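Listed below, chain by chain, are the residues.
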Amino acid sequence: MPVTTPCVRDDRFHLSSSSRTLRRVEHRTADELIAGLDLIRQSPASAGTVELIVRRPAENEREVLDEGTLDLELGLIGDAWHSRGSSRTPDRSANPLTQLTLMNARTADLVTGTRERWPLAGDQLYVDLDLSIENLPAGTRVAVGEAIVEITEEPHTGCAKFSARFGTEALKFVNKSPGRELRLRGVNARIVTAGVVRPGDAIAKL
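From a predicted model like this one, the values you see are computed outputs, not experimental measurements.

## Focus on the pairing of strand β10 (residues 147-151)
Here is the key point about a regular strand: its side chains alternate between the two faces of the sheet. Within β10, four of the five residues are buried, leaving the element largely enclosed by the surrounding structure. Inspection of the sheet shows strand β9 (residues 141-144) paired to β10 by four bridges, in the antiparallel sense. Of the residues in β10, the one forming a bridge with valine 142 is valine 149.

## Considering helix α4 (residues 105-112)
Counting buried residues in α4 gives six out of eight residues, a clear majority hidden from the surface. Regarding α4, the residues found buried are Ala105, Thr107, Ala108, Leu110, Val111 and Thr112.

## Describing helix α6 (residues 168-175)
Considered for burial, the residues of α6 that qualify are Ala170, Phe173 and Val174. Summarising the axial view, the buried residues of α6 lie within an arc of 85°, below the 170-degree limit, and thus occupy one face. Buried residues in α6 make contact with α1 (30-35), α2 (37-41), α4, α5 (160-166) and α7 (179-182).

## Quick notes on the packing of aromatic side chains
Summed over the entire model, instances satisfying the criterion amount to two aromatic pairs. Relative to tyrosine 126, the ring of tryptophan 118 has its centre 5.9 Å away and its plane inclined at 35°; by these criteria the two rings are tilted. Tyrosine 126 matches tryptophan 118 in its accessibility class, with the two residues each being buried. In this arrangement the basic side chain of arginine 115 is found over the ring face of tryptophan 118, its NZ or CZ atom lying 4.5 Å from the centre.

## Topic: unusual backbone geometry
The peptide bond linking serine 177 to proline 178 adopts the cis configuration, its omega dihedral lying at 5°. Checked against the element boundaries, proline 178 lands in the loop between α6 and α7. Unusually for a residue other than glycine, asparagine 60 sits at a positive phi of about 65°. Mapped onto the fold, asparagine 60 is located in the loop between β3 (47-55) and β4 (63-64). Positive phi values are uncommon outside glycine, yet arginine 183 reaches one of about 55°. When you line up the elements, arginine 183 lands in the loop between α7 and β11 (187-193).

Quick notes on the rules
Residues numbered from 1 in each chain as written. Predicted model: local features only at pLDDT ≥ 70, side-chain atom pairs only at ≥ 80, totals over all residues. Heavy atoms only, no water. Buried < 20%, exposed > 50% of the residue type's maximum accessible area, 1.4 Å probe, protein only. Helix = DSSP H or I, 4+ residues; strand = E, 2+ residues; numbered from the N terminus. Pairing = 2+ DSSP bridges. Arc of directions from axis to C-beta. Contact = heavy atoms within 4.5 Å. Phe/Tyr/Trp six-rings, centres within 6.5 Å; stacked < 30°, edge-to-face > 60°. Lys NZ or Arg CZ within 6 Å of the ring centre and 35° of its normal.

Function cannot be read off these values alone, since they describe shape.
Next comes the structure, spelled out in structure tokens:
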């Protein structure tokens, strides 16, 4: 499966694929983040596009995929979700409610400052679609490429890593209203129909 080079591990910087040199990245201010809300709110409600697919083979590692396979048991093939397990399950096995995470691509672009840094958010599918609670309540099914996923009730919120990578204002932006209701941090989903997904594929509410 074709992939690009994993993202740089030091989250204070990002690696330019053209120059292969490290350059410091400034965090967005509160005013810059708020100014981007209108564009995020214009995300398609019913049908949009898959912009980026990322898997996490190990902690703090990211691989950008030209093609991803969504599996009923393993999630995104090659991603560490299944092997990592979860503290939220009695036997510490992988939590089926967090099998896959989707993030609004417009939010990712606003928060990270550059597409190269989207993968640092830690989500697997970056999509141009309205992921708000109102538009995609838990139980909603979404077709993505050849697969179908179902939005789950498990909250997806920003944490200390998110703050370290993108700043404290970004963490507030996604975790507080209206970011919380818009699910700017992203949304958890489970896979109900396996299939292949590629950047540029359609994503549509069923």
